[in-house]
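Commentary on secondary and tertiary structure
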Amino acid sequence: QVQFVESGGGLVQPGGSLRLSCAASGFTFMRATMSWYRQAPGKERVLVATITRTGGGTIYAGSMKGRFTISRDNDENTVYLQMNSLTPEDTAVYYCNARDSYGGWDYWGQGIQVTVSS
């Protein structure tokens with residue numbers, strides 16, 4: 001069974017930092033391109049960041065580059081998202097995503113709330 005344990009979310013003040021983690025099980029982690037998406041209230045789900053199988057390549061959506069950093073630990077089957085200089089616009093539910101690099105499957109976590117507010 002596929003399982004994602006997402007943690008690290010919560011309430012932070014503007015300018016603060018947060019580190020999300022997603023521990024995965026039930027599939028071959030090394031086959032997966034890992035991503036973080038987010039969905040703000042009343043908005044569509046959008047890509048935040050993507051990391052390739054070995055961690056050698058990363059992609060960040062627009063304004064996230066320079067503030068957010070995605071990383072992965074293949075020994076622990078875990079992907080991380082370090083978020084710095086947070087603003088209220090970063091408030092959203094953040095979702096962990098695993099996509100088979102061979103096109104066989106596509107899995108999603110339940111999502112974790114991040115709220116940036118003073």
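For the structure itself, look to the data block above.
Parameters and conventions
Residues numbered from 1 in each chain as written. Predicted model: local features only at pLDDT ≥ 70, side-chain atom pairs only at ≥ 80, totals over all residues. Heavy atoms only, no water. Core = buried A, V, L, I, M, F, W, Y, C linked by side-chain atoms within 4.5 Å. Buried < 20%, exposed > 50% of the residue type's maximum accessible area, 1.4 Å probe, protein only. Helix = DSSP H or I, 4+ residues; strand = E, 2+ residues; numbered from the N terminus. Contact = heavy atoms within 4.5 Å. Disulfide = S-S within 2.5 Å. Pairing = 2+ DSSP bridges. Axes fitted to C-alpha atoms, helices over the stretch in contact; angles between N-to-C directions.

**Observations regarding the nonpolar core**
Side chains of nonpolar character tend, in soluble globular proteins, to be buried together. If you look at the biggest cluster of nonpolar residues, it comprises 30 residues, and the most contacted ones within it are W36, L81, M83 and Y94. For this core, the elements supplying multiple residues, two or more each, are β3 (18-25), β4 (32-39), β5 (46-51), β7 (68-73), β8 (78-83), β9 (92-100) and β11 (112-116).

**Some details on the environment of G111**
The topology assignment puts G111 in the loop between β10 (106-108) and β11. Considering only alpha carbons, one finds G111 and A92, 19 residues apart in sequence, at a separation of 9.5 Å. Setting aside anything within four residues of it in sequence, one finds G111 in contact with E6, V93, Y94 and Y95.

**A word on the side chain of T78**
Looking at the secondary structure, you find T78 in strand β8. Not counting residues up to four positions away in its chain, the partners in contact with T78 are S21, C22, A23, F29, S71, R72 and D73.

**Observations concerning the state of the cysteines**
Evaluation of the coordinates by the stated rule reveals 1 disulfide. The side chain of C22 participates in a disulfide bridge whose partner is C96; the two sulfur atoms lie 2.2 Å from each other. Across the disulfide from C22 to C96, rotation about the S-S bond amounts to roughly -85°, and the bridge is consequently left-handed. A residue pair is termed long-range when its members are at least 10 positions apart, and C22 in strand β3 and C96 in strand β9 qualify at 74 residues. The burial state of C22 is the same as that of C96; both residues are buried.

**Quick notes on the sheet that holds β7**
Pairing between the strands of a sheet is mediated by backbone hydrogen bonds and can be parallel or antiparallel. Read from one edge to the other, the open sheet built from 4 strands follows the order β1-β3-β8-β7, with strand pairing classed as antiparallel. In this open sheet, the two edge strands, each paired with only one partner strand, are β1 (3-7) and β7. Between one strand and the next, the sheet's axes are offset by a mean angle of 15°, whatever the strand orientation. The pairing of β1 with β3 spans 5 bridges and is antiparallel. The partner of Q3 across the bridge, within β3, is S25.

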